[in-house]
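Fold and contact review
This is what each chain is made of:
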Amino acid sequence: MPRAILLILDSVGIGGAPDADAYGDVGSNTVGHIAEFAAAGKADRAGLRAGPLNVPNMDAMGLGAAIKLSTGILPPNLSATPKGGRFGVGREVSRGKDTPSGHWEIAGVPVPFDWGYFPQTEPTFPPELIAEFITRAKLPGILGDKHASGTTIIAELGEESIRTGKPIVYTSIDSVFQIAAHETHFGLERLYEICQIAFELTAPLMIGRVIARPFVGENAATFKRTGNRRDFAISPPEPTLLDRNKAAGRQVFAIGKISDIYAGHGVTHKLKGTGLPQLFDKTLEALEMAADGAFVMTNFVDFDSEYGHRRDVPGYAAALELFDARLPELIAKLKHDDLLILSADHGNDPTWKGTDHTREQIPILVFSPALPQGEIGIRSTFADIGESIAHWLGLAPGRHGRSFL
């Protein structure tokens, strides 16, 4: 019985979606623009990387060809002719450009409702919500109460948070309520506790996630977010691919923030990791444990959190090159009937305005020793990815999407 491995390169989009104008994202192209900047010497950083974008393994799987199919333009130093596997483009039907929408749809469940969002005002949160949160969580108050970049607001308010015991509460253009607090001065378990309270209060507003953002350090110059992030998420409205594989008595390995995104549903093995190298190590570890019929799913969050939101082009390029350099390790461990898919959940163009996600199409790069190469075209929903994996694993078809295998 075959196995399936799905790697989500968080925010690695490949060109504006047809409805990008509704989001102010016409012209965004995460990988394409990184390649253009790199070829022009604008992604060089001493001690990190230099020169054109170098991702030969993903390119051999069809990355360049997928970008050309998505945008009509072949980025510098990428090829329009893959050397193996199948390539295509995913187009999202769920509204929004956030993590849960992308991941749920990939797993076969498009989002059938509109998420709640907070206005771009200051303060941004409803006063009654914050008052109830402070009362129930027994807090001396909060800091922030605005749209912000996570690293920026921690640098701005972290010292005051330590001094006053007030957590930092902020949001973004996505459907999120984020709470940052110091791991030791405030307490990690205490942070999780107040995030659970916030989740109960924001769920009726259809806020997709409450995210615990712990940090360490003693001043603005040394503050750093840790790997103990936790997402408290609304549950998918119907069984996802993960639920379906688990119900069939198979293993489901959720690596990184995957389990949080699906609110723990459908997961049999949960592996956490911090940073791209460790997440890749955990993926290889899961593959060693994966029995026949297993489904392994990893989210590589750093592309998004460390480089996309921070608009760090050299850092994003280096991360893509690091991931690409390790791909042969994974491919070497595949059995003859294993299926490997590389994809994304949305875009986050580091050359774009602002600091938020971009509404983009995604690459679908498919490889198996048992699969002849070819093109799968532009898919009308991300759910085709989940249905293709279901087909490969011998599961019954779901309600959304269609297999490209």
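Residues numbered from 1 in each chain as written. Predicted model: local features only at pLDDT ≥ 70, side-chain atom pairs only at ≥ 80, totals over all residues. Heavy atoms only, no water.

Bringing the packing of aromatic side chains into the picture now. Counting across every chain of the model gives 12 aromatic pairs. A centroid spacing of 5.6 Å and a plane angle of 70° characterise the contact between Phe280 and Phe323, whose relative ring orientation is edge-to-face. Of this pair, Phe280 sits in helix 10 (residues 276–289) while Phe323 is found in helix 12 (residues 313–332), placing the two residues 43 residues apart along the sequence. Assessed through its relative accessible area of 3%, Phe323 is described here as buried. The ring centre of Phe37 lies 5.4 Å from the NZ or CZ of Lys42, which sits over that ring. Here Arg230 stacks its cationic end above the ring of Tyr192, 3.8 Å away from the centre of that ring. (Phe/Tyr/Trp six-rings, centres within 6.5 Å; stacked < 30°, edge-to-face > 60°. Helix = DSSP H or I, 4+ residues; strand = E, 2+ residues; numbered from the N terminus. Buried < 20%, exposed > 50% of the residue type's maximum accessible area, 1.4 Å probe, protein only. Lys NZ or Arg CZ within 6 Å of the ring centre and 35° of its normal.)

Now for the environment of Leu205. You can see Leu205 is positioned in the loop between helix 7 (183–202) and strand 6 (209–216). Spatially, the C-alpha atoms of Leu205 and Gly116 are 5.8 Å apart, while their sequence positions differ by 89 residues. Residue contacts for Leu205: discarding those within four places in its chain leaves Gly116, Phe118 and Leu129. (Contact = heavy atoms within 4.5 Å.)

Attention shifts here to helix 3 (residues 63–71). Taken as a whole, helix 3 has its buried residues at Leu63, Gly64, Ala65, Ala66, Ile67 and Ser70. Buried residues in helix 3 make contact with helix 1 (30–39), helix 2 (56–61), strand 2 (86–90) and strand 13 (362–367). Residue Gly72 follows helix 3 closely and has a positive phi angle near 85°.

Here we take up unusual backbone geometry. Going from Glu122 to Pro123, the amide bond is cis rather than trans, its omega being 5°. With respect to the element layout, Pro123 can be found in the loop between helix 4 (99–106) and helix 5 (127–137). For Ser11, which is not glycine, the phi dihedral falls at a positive 80°. Tracing the chain through its elements places Ser11 in the loop between strand 1 (4–9) and helix 1.

Among the structural elements, Pro76 can be located in the loop between helix 3 and strand 2. For Pro76 and Phe37, which are 39 residues apart along the polypeptide, the C-alpha to C-alpha distance reads 9.3 Å. Apart from residues lying up to four places away in sequence, Pro76 is in contact with Ala35, Glu36 and Ala39.

This next bit is on the side chain of Ser28. By secondary structure assignment, the location of Ser28 is in the loop between strand 1 and helix 1. Using a relative accessible area of 1% as the deciding quantity, one classes Ser28 as buried. Within the structure, Ser28 has its side chain in polar contact with the backbone oxygen of Asp25 (distance 2.8 Å). If we skip the residues at most four places from it in the chain, Ser28 touches Gly15, Gly16, His33, Asp349, Trp352, Thr358, Arg359 and Glu360. (Polar contact = N/O pair within 3.5 Å; in protein donor to acceptor, adjacent residues only side chain to side chain.)

The subject of this paragraph is the packing of helix 5 against helix 7. Packed helix pairs are specified by the crossing angle of their axes together with the interaxial distance, meaning the distance between the axes. At a minimum axis distance of 10 Å, the contact between helix 5 and helix 7 shows a crossing angle of 140°. If you check the angle between helix 5 and helix 7, you find them oblique. Here helix 5 runs over helix 7; the crossing is right-handed. Where helix 5 approaches helix 7, its residues Leu129, Glu132, Phe133, Arg136 and Ala137 are matched on the opposing element by Arg190, Ile194, Ile197, Ala198, Glu200, Leu201 and Thr202. A per-class count over the contact of helix 5 with helix 7 returns seven nonpolar, one polar and four charged. (Axes fitted to C-alpha atoms, helices over the stretch in contact; angles between N-to-C directions. Parallel < 35°, antiparallel > 145°, perpendicular 65-115°, else oblique. Left-handed = near helix turned anticlockwise from the far one by under 90°. Nonpolar A, V, L, I, M, F, W, Y, C, P; charged D, E, K, R; others polar.)

As a further point, take the pairing of strand 13. Within strand 13, five of the six residues are buried, which leaves it mostly tucked inside the rest of the structure. In terms of strand pairing, strand 2 meets strand 13 through five bridges, oriented antiparallel. Looking across to strand 13, one finds that Gly90 is bridged to Ile362. Both strand 12 (residues 339–343) and strand 13 contribute to a ladder of three bridges, which runs antiparallel. Bridge pairing in strand 13 links Ile341 to Val366. (Pairing = 2+ DSSP bridges.)

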